[in-house]
Amino acid sequence: MDSATAPPAVSRQAWSVLAVSTLAFTVCFMVWMMFGVIGIPLKQQLGLNATEFGLLTAMPVLSGSLVRVPLGIWTDRFGGRNVMTLLMAVTVPAVWLMAYATQYWQFLVIGLFVGLAGGSFSVGTPYVARWSPQQRQGMAMGVYGAGNSGSAVNKFLAPVLLVAGGWALVPQVYAAILAGTVVLFWLFSAHDPRHLVARNVRFVDQLQALRDPRVLKYCQYYSIVFGGYVALALWMVQYYVGEYGLDIRVAALLAACFSLPGGVLRAIGGVLSDKYGAHKVTWWVMWVSWICLFLLSYPQTDFTIATVNGPKTFHLGLNVYSFTALMGVLGVAFAFGKASVFKYIGNDYPDNIGAISGIVGLAGGLGGFVLPILFGLLLDLTGVRSSAFMLLYGVVWVSLIWMYWTEVRRTDVMGAAADRKA
């Protein structure tokens with residue numbers, strides 16, 4: 001590739017913004033996923049059933065989702081540096097107060113305020129994208145989105161703190177880490193007035209693009225690759241404990257085999273989306289997810305058949321090793337998909353990234369809120385833990401059908417036409 005065709009270089013200041021923003025998002029995501037680990041001792045302490053546990057873990061996801069649209073719009077208007085700093089600073093007291101809650105309703109209410117940390121995605125995405133040339137935006141948004149690995153950090157750190165000082169130590173330490181991140185972010189980030197939306201543009205004008213049916217499609221895609229990721233990140237530790245009888249520390253470590261690639265590899269998904277196009281990457285992500293979820297959906301089964309030598313019983317089901325391997329592959333697929341969906345947005349809405357990423361992020365976050373509750377409800381109704389994967393399998397089917405009818409039917413997935421389409 002010669003200099004005439006090479007993408008423009010990213011400035012040193014842009015790299016600084018990207019690095020410190022990714023750090024901030026990692027910490028925010030770690031805080032956001034806190035209930036995925038401390039929810040397990042709380043479930044025993046409060047005597048919760050599976051549905052109540054699902055609601056507890058999902059409450060921060062609800063508020064973090066609902067604030068994404070206004071935060072995206074405010075980022076367009078006031079700048080990512082200002083909005084991100086204020087958002088993290090406001091969240092610190094709520095995280096600290098979590099350590100002093102004693103009743104179920106208190107955890108639900110405080111969880112709503114802790115959930116504000118999850119809105120940081122809609123702030124950082126347009127913020128880092130505008131610091132990068134368009135040919136590099138997929139990479140920038142992918143690197144920033146790798147902050148999803150905060151879910152894995154939570155699974156490494158929270159069990160250690162839990163064993164060392166009980167569940168209450170976790171929010172206290174997390175509050176201190178978040179406060180320190182506020183200071184680091186302010187010192188090493190930057191503000192460029194040229195990135196702001198013109199003052200004569202009203203909020204309602206920014207939202208006009210939401211009438212585009214493509215946005216609804218991107219919301220559907222994101223509800224599985226991000227919503228499914230968040231829901232499983234919250235659900236997997238207790239799944240390992242219940243399904244395989246593991247200690248919480250071992251369960252958290254194995255659950256990180258899904259959370260870590262599901263976060264870190266998002267950056268690679270962004271690079272692939274820049275190179276091959278959002279459509280190609282998303283199409284293959286959906287098929288890989290479909291295969292993994294089909295296999296994960298099969299429950300532990302014992303069946304007896306009549307043979308010439310009498311009845312014989314067989315067992316069919318995933319052991320902990322094959323289950324973890326499939327979850328790792330699913331995490332990689334979701335990582336690539338999260339990046340490719342936002343590459344669609346960067347291509348189609350370069351002047352309105354904040355508002356559009358806010359609404360798509362809202363859809364993904366609401367998926368992450370609804371799915372854990374449905375996981376718990378299905379478990380209480382059926383007693384089958386793998387029913388969670390059956391539900392996700394159905395959601396992926398919807399995405400595949402929608403994508404086929406709107407994109408694939410008139411696209412050569414592997415040929416030149418796909419390049420032009422992407």
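Since the model is a prediction, treat every value here as computed from it, not as a measurement.

Criteria and cut-off values
- Residues numbered from 1 in each chain as written.
- Predicted model: local features only at pLDDT ≥ 70, side-chain atom pairs only at ≥ 80, totals over all residues.
- Heavy atoms only, no water.
- Pairing = 2+ DSSP bridges.
- Helix = DSSP H or I, 4+ residues; strand = E, 2+ residues; numbered from the N terminus.
- 1 Å grid on protein atoms, 1.4 Å probe; cavity = no way out; pocket = protein on both sides within 12 Å on 5 of 7 lines; lining within 4 Å.
- Points joined across faces, edges and corners; volume = space filled by probe spheres on them.
- Nonpolar A, V, L, I, M, F, W, Y, C, P; charged D, E, K, R; others polar.
- Axes fitted to C-alpha atoms, helices over the stretch in contact; angles between N-to-C directions.
- Parallel < 35°, antiparallel > 145°, perpendicular 65-115°, else oblique.
- Left-handed = near helix turned anticlockwise from the far one by under 90°.
- Contact = heavy atoms within 4.5 Å.
- Phe/Tyr/Trp six-rings, centres within 6.5 Å; stacked < 30°, edge-to-face > 60°.
- Buried < 20%, exposed > 50% of the residue type's maximum accessible area, 1.4 Å probe, protein only.
- Expected span 1.5 Å × (residues − 1).
- Core = buried A, V, L, I, M, F, W, Y, C linked by side-chain atoms within 4.5 Å.
- pLDDT = per-residue confidence, 0-100.

What is the right way to look at the pairing of strand β2 (residues 310-316) in this model?
On a regular strand, one side chain projects to one face of the sheet and the next to the other, so that they alternate. As judged from the seven bridges shared by strand β1 (residues 301-307) and β2, these two strands associate in the antiparallel manner. Paired with Ala 306 across the two strands is Pro 311, which belongs to β2. Taking the residues that link successive antiparallel strands as the turn, the β1-β2 hairpin has two residues.

I keep staring at empty space enclosed by the protein and nothing clicks. Help me out?
Any empty space left between atoms is shown by rolling a water-sized probe over those atoms. All told, the structure shown has two cavities of 30 Å³ or more when counted by the stated rule. Its boundaries defined by the atoms lining it, the second largest cavity holds a volume of some 50 Å³. If you trace the second largest cavity, you find it lined by Trp 235, Gln 238, Tyr 239, Phe 375, Leu 379, Val 384, Arg 385, Ser 387 and Ala 388. Residue assignment for the lining of the second largest cavity shows that the elements contributing at least two residues are α13 (227-244), α18 (353-382) and α19 (387-406). Its residues assigned to classes, the lining of the second largest cavity shows six nonpolar, two polar and one charged.

I keep staring at the packing of helix α5 (residues 80-97) against helix α6 (residues 104-114) and nothing clicks. Help me out?
Two quantities define a packed helix pair, namely the angle between the axes and the distance from one axis to the other. Where α5 meets α6, the closest approach of the two axes is 8 Å, and the angle between their N-to-C directions is 155 degrees. Overall, the two elements α5 and α6 adopt an arrangement that is roughly antiparallel. The hand of the α5/α6 crossing is left-handed. Contacts from Thr 91, Ala 94, Val 95 and Leu 97 in α5 reach Ile 110, Phe 113 and Val 114 in α6.

It is not clear to me how the packing of aromatic side chains should be interpreted in this structure. Could you clarify?
Two aromatic rings are characterised by how far apart their centres lie and by the angle between their planes. Under the criterion given, the structure shown has 36 aromatic pairs. Between Tyr 240 and Phe 323, the aromatic rings sit 5.4 Å apart at their centres with planes inclined by 85 degrees, giving edge-to-face as the arrangement. Linking Tyr 240 in helix α13 with Phe 323 in helix α17 (residues 320-348), this pair joins segments that are 83 residues apart in sequence. Assigned by exposure class, Tyr 240 and Phe 323 land together as buried.

Would you mind going over α19 with me for this structure?
Within an α-helix, residues lying three or four positions from one another point in the same direction, as the helix has 3.6 residues per turn. Here α19 contains 20 residues, and its C-alpha end-to-end distance of 29 Å stays within 8% of the 28 Å for a straight helix at 1.5 Å per residue. Inspection of α19 places Ser 387, Ala 388, Phe 389, Leu 392, Tyr 393, Val 396, Ser 399, Leu 400 and Met 403 among the buried residues, and these make up the whole buried set.

Looking at this structure, how should I read helix α2 (residues 35-46)?
The first and last C-alpha atoms of α2 sit only 14 Å apart over twelve residues, clearly below the 16 Å expected at 1.5 Å per residue. Taken as a whole, α2 has its buried residues at Phe 35, Gly 36, Val 37, Ile 38, Gly 39, Ile 40, Pro 41 and Leu 42. Contacts made by the buried residues of α2 are with α3 (50-66), α6, α9 (150-165), α10 (169-188), α13 and α14 (248-264). Just beyond α2, the residue with positive phi is Gly 47, at close to 65 degrees.

Can you help me understand the environment of Ala 233 in this one?
By the secondary structure assignment, Ala 233 is in helix α13. Spatially, the C-alpha atom of Ala 233 lies 7.6 Å from that of Phe 258, the residues being 25 residues apart in sequence. Sequence-distant contacts of Ala 233, defined by excluding residues within four places in its chain, comprise Met 33, Ser 151, Lys 155, Phe 258 and Ser 259.

In this structure, what is going on with the nonpolar core? I would like to understand it.
Generally speaking, a soluble globular protein has its nonpolar side chains buried in company with each other. Leu 232 and Val 360 are the most contacted members of the largest nonpolar core, which totals 135 residues. Setting aside residues up to four positions removed in sequence, Leu 232 forms contacts with Phe 258, Met 327, Leu 330, Phe 334, Phe 375, Phe 389 and Leu 392.

I would appreciate a short explanation of the confidence of the model for the protein chain in the present structure.
Atom-level detail of predicted coordinates should not be read off regions where pLDDT is low. Mean pLDDT over the protein chain: 84, with 90% of residues reaching 70 or higher. Confidence scores differ between elements of the protein chain, with helix α20 (residues 416-421) showing the lowest mean pLDDT of 48 and α10 the highest of 94. Contacts for the low-pLDDT stretch residues 417-422, under 50 throughout, to residues beyond four places or in other chains number twelve contacts.

What's the story with the packing of α13 against α19 in this structure? I'm lost.
Packing of α13 against α19 leaves a shortest axis separation of 12 Å and a crossing angle of 170 degrees. Taken together, α13 and α19 sit at an angle that is classed as roughly antiparallel. Considering only the axes of α13 and α19, their crossing is left-handed. Counted together, Gly 228, Leu 232, Trp 235, Met 236 and Tyr 239 of α13 and Ala 388, Phe 389 and Leu 392 of α19 form the full contact between these two elements. Among the residues making up the contact of α13 with α19, the classes are represented as seven nonpolar, one polar and no charged.

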